[in-house]
Amino acid sequence: MDGSTNSSDGASAGSSPEFPDQASMMEVRLQAQEDEIILLKSSLADALRRIDFHDRIIPLLKQQLITVNPSAARELNQVCCSERCASSQKLLSSSTSDGLLHPSTSQMSDSIVASENGHIGNPVLPDSRSRSATLDRSTQTVPIAQGMDAELDRVPVALTRVVQSLQLEDALPGGVPLAEGTCGKLYRIEGLEHEYEDEERDEEGGGEQDKELRWTSVVEEPIQPSVISRLQREDFQWDANGAPEEQSPGPPISLAATKDQSPAAHPGPLSPHPGEKKPLLRRNSEKLGKEMQERQKKRLEKKAASSANLLTRSSSLENRAKEMITGAGSPGSRRGTYSQGHSIKMFIRGRPITMYVPANIPNYEDLKMELPSEKLELDWVYGYRGRDCRANLYFLPTGEAVYFIACVVVLYHINNRTQRHYRKHTDCVRCLTLHPDKVRVASGQMAGVDKDGKPLQPCVHIWDSTTLVTLQQIGQGTFERGVGSVAFSFADSGAFLCVIDDSNEHMLSVWDCSKGTKHTEVKSTNEAVFAVEFNPSDSTNIITCGKSHVYFWTLSAGQLTKKQGIFGKYKKPKFIQCFIFSLTGDVLTGDSEGNILTWGKSAADVKTLGKGAKETFQIMRQTRAHEGSVFTLCTLQGGALLSGGGKDRKIIHWSADLAPERECEIPENLGAVRTIADVDGEELLVGTTRNAILRGNFSDGFVAIVQGHVDEMWGLATHPSQDVFLTCGHDRQVCLWNTEEHKLDWCTILEDYGLCADFCPNGSVVSVGLNTGRWLILDLLTREVVSESTDGNEQLSVMRYSPDGSFLAVGSHDNFIYIYNVTEKGRRYARFGKCNGHSSFITHLDWSKDGKYIMSNSGDYEILYWDVAAGCKLLRNRFDSKDREWASYTCVLGFHVMGVWLEGSDGTDINALCRSHSEKMVAVADDFCKVHLFQYPCPKPKAPSYKYEGHGSHVTNVGFTHSDSHLLSIGGKDTCILQWRVKGGGGMGDSRERLASSSASASSPEPFAS
């Protein structure tokens, strides 16, 4: 959160280690607020009852005391005390049984002075400081219950004492008289809100508890009876919380403190005051000893201080409630904004975040947010999905290899080293097949959800690989979870498409490709299905394989029937991984036992099974091929066969009669063979389980032409002067990529996985933060570790060098930011200090342009500022940082990027953002597979942006290259790196000039986000 504004909530959410869960912390805060409100209403109701008693006595005195003297009144007061003692004790016992302990009201004896004309004068208000209050049972408040009016009629004329436990003058400064018919009211002095917020933050952080507060007082006109009745009705609404049911109408009390004093010393409504002593009459006072009086006096003093603090904070609670209602946005919204003066309040998950408006924006409300002048265009896709997909690599006659990763189907020209992209899918692509004409392609996707939680239905796209135009979209609303396998028919020139979805029954359906209509559908099996193919010579025969099965399907009269392959005397493997058709029409399968099985059709055994026996499919031959699974089989011209192994990583060339001829082994770091595509009979393309595509032959070996990460990525850093960038992730790989040549320069494997990285400004070394609290310094040329250190034992989330390279800031999940002095061109590091103040893990941080200050965000939505030069000091006055210029802007919370948060965001919807070096645009990585491009600065809600798709998982990080020519975005589970070319630009100076000019110009309708 933004500095000490967090303390304006009274208690900072997530500030206590006892409640690490955000929902639990919010519940605790709400419960504390409810308790405070209940206590406040209890005190107010008690005060109303005391005043009501006072107001009921006055009419009786006016009727009965026409002429009276003080001595007679005192006599009747004594008689009244003795007559009503029994009823007082009865009412007291019923009140305490309700669980509500009322303050003492025995200190009443206000003298009633009669005027000479026979009317009652104003009651003389005694100095409340002269009363020694007690909470003894004999001196408890006697509430005026309904039905006591008749009893009041019998009250003697001398009953003149006004029963009060909450004196109105307690809230006024000494010496200020209270005129008849007036009441005091509590006001916060405008302009002291920031001081009050700082004091609350000090209180939360264990600082000074007794800070001075400032008060002011006013005298208002009497409250009207209609207001009194409304307050009475509200008072009745909380009887279920333990308040007594009997309540009397009466005017409310508004309190006002009038001078500077600490909350603990502020005289509360029940607090005794030193001053002039005045004799008072008390019920059964002769039975109370001095010891009892002193004990009850101390107890009442504690309650008075507590009540004073409660009433002091009540205005803050009220203001917070108003702000949250005002800024909450639409019903159910978890994010809103609230503008007040020169600060903007933004709410995320009900928590306020205050942003101060820079001085160069005179009129914030007149700012006009526009689309950026730049746009993005997908330039390159790094990676390939081979770790969990099969048969997803084909070679086109155009010289392009077609494969997929994330939501993009890539067409990569292996000679020209260029890419084209089919981008019509809305979620991750799972399967791919090539039409017999070698032009059309069918690709199936998974189901997903959009930003609003609406389901994205799985489907199959049939598209033209030359024009990238979608020809058919098949199965919208038919498939469940996703499309697992697809295959075109061959005998009829690809008239039909066979699809198996990822539902529990793995539904097998046949579709008319030209019409896009379903021909037939049947349940396949509850076991996993890995592949499906039509018989090349007969489109009525379909084969499927998977876990412990091979099924032979026959399509007849619109119905599909199946026969299971019989393993007979051969061991049944756990998985049938793949299959192909030989030139003779036999089916060859590769299994998890490393065997190639040849299947054939056997005539019906009428002799054994009888006249109704049918033909069966049985194993004709078993060939030992690989150690471990056979992941892929590929036929070559002339009937030769290729097989790819898993555990042994071998590619074996087989003759038509399954005699091994040649073999080669791919490097271990590239993984096992996943799929093979024939280029020209000699040259091959090989997809591996470590998301690489190899090109080569048996004579010269294989080299990687496509490489990528194999697990989730989070770390991204762009070089300060070269066209290279670095990534790291959960696969323990640290990779350096070249944006101009579109290739991997080098890759190294670490002991632990990396989560964050940053280049030293001189560009010679790079720092990498790991999940164990260790961080390393790698030399870019030698890849050697030149320095390393450990900060805590929790994962590191951000590494950031100061602009001049003299400091390195390390943000950790232990809530600290560690600062290091950097010498010897980034090769030597010495601990300088530690920034301690966040109440949750560090998520982002940035240095100021002068290298003296840091702005940081944390997991509980804090924005804090630090003076590093002054010894890593926390800057409590955030107002002073509003005009500071930042060398980079990656913090997701801040005034200049407040507009990137969409309505309804919950605080985790944006994973990262990055401002361009030109300070004209900001790129955002969200949790919904999207990359957004906003104008920078972007300080107003609902700012328009360009939105770009391509990732199939949450986008974890974004970064601009040193020249702003490209933007890099990395995905989480999709293991994909997208390189975007920045197009357009030019325009109007730096961000400060654009802000000022936009604010000064007349407001006009804002453009809609695209």
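From a predicted model like this one, the values you see are computed outputs, not experimental measurements.

Details of the overall build of the protein
Step number 1: When helices and strands are counted, the protein shows 9 helices and 59 strands.
Step number 2: For the protein, with 1010 residues in total, the buried portion stands at 55%.
Step number 3: Once local pairs closer than 6 in sequence are excluded, the contacts in the protein between residues at least 24 apart make up 55%.

Notes on the side chain of R649
Step number 1: Position of R649 among the secondary structure elements: in the loop between β30 (641-645) and β31 (650-654).
Step number 2: Once residues within four sequence positions are removed from consideration, R649 is found in contact with C664, E665, I666, P667, E668, G671, A672 and V673.

Side note on the state of the cysteines
Step number 1: Tallied over the entire structure, the rule returns 0 disulfides.
Step number 2: Its sulfur unpaired, C728 is 6.7 Å from the next cysteine sulfur, which belongs to C756.
Step number 3: Here C835 stays free of any disulfide, with the sulfur of C872 as its closest cysteine sulfur at 4.2 Å.
Step number 4: By relative accessible area, which is 1% here, C835 ends up buried.

Some details on the confidence of the model for the protein
Step number 1: Residues of the protein with pLDDT of at least 70 account for 66%, and the chain-wide mean is 76.
Step number 2: Contacts for the low-pLDDT stretch residues 79-83, under 50 throughout, to residues beyond four places or in other chains number 3 contacts.
Step number 3: Taken together, the stretch residues 85-288 has pLDDT below 50 and engages in 386 contacts with residues farther than four places along the chain or on a different chain.

Quick look at the pairing of strand β29 (residues 630-635)
When a strand is regular, its side chains alternate between the sheet's two faces.
Step number 1: Counted residue by residue, β29 has 5 buried out of 6 residues, so it is predominantly covered.
Step number 2: Two elements, β29 and β30, share 5 bridges in a ladder whose sense is antiparallel. Bridging from a neighbouring strand, T632 pairs with G644 of β30.
Step number 3: Hairpin remark: β29 followed by β30, antiparallel, with 5 residues in the connecting loop; positive phi at G638, about 90°.

Brief notes about the packing of aromatic side chains
Step number 1: A full pass over the atoms with the stated rule returns 23 aromatic pairs.
Step number 2: Aromatic side chains Y382 and F725 sit 5.8 Å apart centroid to centroid with 75° between the ring planes, which places their arrangement in the edge-to-face category. Here Y382 is found in strand β6 (residues 374-382), whereas its partner F725 is found in strand β38 (residues 724-729), with 343 residues between them in sequence. Like Y382, the residue F725 is buried in the burial classification.
Step number 3: Taken together, a centroid distance of 4.3 Å and an interplanar angle of 5° make the contact between Y422 and W463 stacked. Placement of the pair is Y422 in strand β10 (residues 418-422) and W463 in strand β15 (residues 460-464), with a sequence separation of 41 residues. W463 matches Y422 in its accessibility class, with the two residues each being buried.
Step number 4: Pairwise contacts between aromatic rings join F552, F567, W599 and F617 into one cluster.
Step number 5: A cation sits over an aromatic face here: R390 above F530, 4.1 Å from the ring centre.
Step number 6: Across from the ring centre of F631, 4.7 Å away, lies the NZ or CZ of R674, which sits over that ring.

Looking at the pairing of strand β36 (residues 701-706)
Step number 1: Bridge count for strand β35 (residues 693-697) against β36 is 5 bridges, and the pairing is antiparallel. Opposite I693, over in β36, you have V706 as the bridge partner.
Step number 2: Hairpin remark: β35 followed by β36, antiparallel, with 3 residues in the connecting loop.

Looking at the sheet that holds strand β18 (residues 496-501)
Step number 1: The sheet built from 4 strands is open, its strands ordered β17-β18-β19-β20 with antiparallel pairing. Here the strands that pair on one side only, and so sit at the sheet edges, are β17 (483-488) and β20 (517-522). Mean inter-strand twist for the sheet, computed between neighbouring axes without regard to direction, equals 20°.
Step number 2: Where β17 meets β18, 5 bridges bridge the pair, whose relative direction is antiparallel. Within β18, the residue paired with F488 across the bridge is L497.

Overview of unusual backbone geometry
Step number 1: Of the consecutive residues Y936 and P937, the connecting peptide bond is found in the cis state with omega at 0°.
Step number 2: Tracing the chain through its elements places P937 in the loop between β55 (931-935) and β56 (946-948).
Step number 3: Notably, R417 is not glycine yet its phi reads approximately 55°, a positive angle.
Step number 4: Looking at the element boundaries, R417 is found in the loop between β9 (408-413) and β10.
Step number 5: You will see that A557, though not glycine, has its phi angle at about 55°, which is positive.
Step number 6: Of note, A557 is situated in the loop between β23 (549-556) and β24 (559-564).
Step number 7: Its relative accessible area of 81% is what places A557 among the exposed residues.

Section: the sheet that holds β56
Step number 1: Taken together, the 4 strands give an open sheet; going across it, the order is β53-β54-β55-β56, and neighbouring strands pair in antiparallel fashion. One side of each edge strand has no neighbouring strand; the edge strands of this open sheet are β53 (910-915) and β56. Adjacent strand axes in the sheet meet at a mean angle of 20° when their direction is disregarded.
Step number 2: Summarising the sheet, β55 and β56 pair through 3 bridges and their orientation is antiparallel. Within β56, the residue paired with L933 across the bridge is Y946.

Observations regarding the side chain of S858
Step number 1: Tracing the backbone shows S858 in strand β50 (residues 853-858).
Step number 2: Of the polar contacts made by the side chain of S858, one reaches the side chain of H838; its length is 3.2 Å.

Overview of the pattern of salt bridges
Step number 1: Here the structure, examined in full by the defined rule, presents 30 salt bridges.
Step number 2: The partner of D779 in a salt bridge is R827, and the shortest N-O contact between them spans 2.3 Å. Taken together, the residues span a long stretch of sequence, with D779 in strand β43 (residues 774-779) and R827 in the loop between β47 (816-823) and β48 (828-836) at a distance of 48 residues.
Step number 3: Its relative accessible area of 36% is what places R827 among the partly exposed residues.
Step number 4: Residues participating in the shared-partner salt-bridge network are E377, D379, R981 and K983.

Observations concerning the environment of G769
Step number 1: Within the secondary structure, G769 sits in strand β42 (residues 765-770).
Step number 2: With 28 residues separating them along the chain, G769 and S797 place their C-alpha atoms 7.1 Å apart.

Side note on the environment of S514
Step number 1: By the secondary structure assignment, S514 is in the loop between β19 (508-512) and β20.
Step number 2: Residue S514 is classed as exposed on the basis of its relative accessible area of 59%.
Step number 3: Considered as a pair, S514 and A495 are 19 residues apart in the sequence and their alpha carbons are 7.0 Å apart.
Step number 4: Engagement of the side chain of S514 in a polar contact is seen with the side chain of D512, the distance being 2.7 Å.

Some words on the environment of Y384
Step number 1: As for its placement among the helices and strands, Y384 is situated in the loop between β6 and β7 (394-395).
Step number 2: Each C-alpha atom, one on Y384 and one on G708, is 6.6 Å from the other, the two residues being 324 residues apart in sequence.

Calculation rules
- Residue numbers here run from 1 along each chain, matching the order of that chain's written sequence.
- Restriction of local features to residues with pLDDT of at least 70 applies here, the model being predicted, together with a cutoff of 80 or more for giving and counting side-chain atom pairs; totals for whole chains, interfaces and linings are based on all residues.
- Excluded from the side-chain calculations are hydrogens and water; all other atoms, namely the structure's heavy atoms, are used.
- For the purposes of this entry, the term helix denotes a DSSP run of H or I that reaches at least four residues, the term strand denotes a run of E that reaches at least two, and both are numbered from the N terminus.
- For every residue, the accessible area (1.4 Å probe, protein chains only) is compared with the maximum for its type, and the residue is labelled buried under 20%, exposed over 50%, or partly exposed between those bounds.
- Contacts: residue pairs with any heavy atoms within 4.5 Å of one another.
- Note on disulfides: each one is a pair of cysteine sulfur atoms within 2.5 Å.
- In predicted models, pLDDT denotes the confidence assigned by the predictor to each residue on a 0 to 100 scale.
- One bridge is not enough; two strands pair if DSSP finds at least two bridges between them.
- Within 6.5 Å between ring centres, the rings of Phe, Tyr and Trp (the latter by its six-membered ring) count as paired, and their orientation is classed by plane angle as stacked under 30 degrees, edge-to-face over 60, tilted in between.
- Cation placement over rings: the criterion is NZ of Lys or CZ of Arg within 6 Å of the ring centroid and within 35° of the ring normal.
- All axes here are fitted lines through C-alpha atoms, helices being fitted over the stretch that makes contact, and every angle between N-to-C directions spans 0 to 180 degrees.
- Polar contact is defined as a pair of N or O atoms within 3.5 Å, subject to the rule that within protein one atom must be able to donate a hydrogen and the other to accept it, and that residues adjacent in sequence are counted only when both atoms are side-chain atoms.
- Every case where a carboxyl oxygen of Asp or Glu lies within 4 Å of a side-chain nitrogen of Lys or Arg is listed as a salt bridge.

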